[in-house]
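Here is how the chains run, residue by residue.
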Amino acid sequence: MQLEVGEIYEGKVTGITKFGAFVSFEGGQTGMVHISEVAPTFVTEIRDFVTEGQMVKVKVLSINEEGKISLSMKKALPEEQQRRPSRRTDGPRRDNGRRDGARREGPRPPRQPRPAPQPGPARPGDFEWQSRRNDTGTFEEMMSRFKQTSDEKMSDLKRGNESRRGYSRRGQQK
């Protein structure tokens, strides 16, 4: 039997994996139904929908150059069954959308805006780059103090990054 793209055939499920099911046809040809093509709903466990040895109707989606056959069970369904079921039920919810099941009476209270996040004192970037006191002295002394504090801050940053990455100072993995 020669399979044609777009046609619907009946085959037997010969194998099931976590990513799909293999379907064999008369004549020895085998194709695969990907897990996303098994049902119009989200499928987490394929064995909930098919079993080995089961006869299923499938639509041929494609046949590539190597002869791999891509199949779909959900596209072989009648048109009205192919659509995903909506999450909403017909009609209003009885519990008014509340998790505890209690009914709310009256209008919904207005939402309160969230307060803006406040930066913490230990966040990176909260460095004091300039001293608050008036430094007196020569330019060389001020430059020396700046260089010393800068080196201390850089070594603190490097130490923090090394511990996060799991590497020691010499680049060897711990």
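Residues numbered from 1 in each chain as written. Predicted model: local features only at pLDDT ≥ 70, side-chain atom pairs only at ≥ 80, totals over all residues. Heavy atoms only, no water.

As annotated in an unreviewed UniProt entry, the protein chain carries the name S1 RNA-binding domain-containing protein and comes from Candidatus Acutalibacter pullicola. Here the protein chain is described in UniProt, under the heading Function (unreviewed entry), as follows: "Binds mRNA; thus facilitating recognition of the initiation point. It is needed to translate mRNA with a short Shine-Dalgarno (SD) purine-rich sequence." (UniProt positions renumbered as here; feature names shortened; annotations may be inferred.)

Engineer: I tried to follow the pairing of strand β4 (residues 55-63) on my own but got confused; where do I start?
Structural biologist: For a regular strand, side chains alternate in direction, first toward one face of the sheet and then toward the other. Inspection of the sheet shows strand β1 (residues 8-16) paired to β4 by five bridges, in the antiparallel sense. In the strand pairing of β4, tyrosine 9 is matched with valine 58. Summarising the sheet, β4 and strand β5 (residues 69-72) pair through four bridges and their orientation is antiparallel. Counterpart to valine 60 in the pairing with β5 is leucine 71. (Pairing = 2+ DSSP bridges. Helix = DSSP H or I, 4+ residues; strand = E, 2+ residues; numbered from the N terminus.)

Engineer: Before we go on, may I ask you to explain the pairing of β1 in this structure?
Structural biologist: Bridging between β1 and strand β2 (residues 20-24) involves four bridges; their strand directions are antiparallel. Bridged to isoleucine 16 within β2 is alanine 21. Where β1 folds back onto β2 in an antiparallel hairpin, the turn is made up of three residues.

Engineer: I would appreciate a short explanation of the side chain of glutamate 37 in the present structure.
Structural biologist: Locating glutamate 37 in the fold gives a position in the loop between β3 (30-34) and β4. With residues near it in sequence (within four places) discarded, glutamate 37 still touches Leu61, Leu71, Ser72, Met73, Lys74 and Lys75. (Contact = heavy atoms within 4.5 Å.)

Engineer: Any chance you could explain the pattern of salt bridges here in plain terms?
Structural biologist: Working definition: two side chains of opposite charge can pair if their charged atoms are close together. The final tally for this structure, using the stated rule, is one salt bridge. One salt bridge connects glutamate 37 with lysine 75, and the closest N-O pair in it is separated by 3.9 Å. Note that glutamate 37 is positioned in the loop between β3 and β4 and lysine 75 in the loop between β5 and α1 (79-82), a separation of 38 residues in sequence. (Salt bridge = Lys/Arg side-chain N within 4 Å of Asp/Glu carboxyl O.)

Engineer: In this structure, what is going on with the nonpolar core? I would like to understand it.
Structural biologist: What tends to happen in soluble globular proteins is that the nonpolar side chains get buried as a cluster. Ranked by internal contacts, the top residues of the largest apolar core, which has 20 residues, are Val23, Val50, Val58 and Leu71. When contributions to this core are tallied by element, the ones reaching two or more residues are β1, β2, β4 and β5. (Core = buried A, V, L, I, M, F, W, Y, C linked by side-chain atoms within 4.5 Å. Buried < 20%, exposed > 50% of the residue type's maximum accessible area, 1.4 Å probe, protein only.)

Engineer: Even after reading the chapter, I still don't get the sheet that holds β2, so can you show me in this structure?
Structural biologist: Paired through backbone hydrogen bonds, the strands of a sheet run either parallel or antiparallel to each other. Strands sit in the order β1-β2-β3-β5-β4 around a closed barrel of five strands; the barrel is mixed. Recorded for the sheet is a direction-independent mean angle of 55 degrees between the axes of neighbouring strands. (Axes fitted to C-alpha atoms, helices over the stretch in contact; angles between N-to-C directions.)

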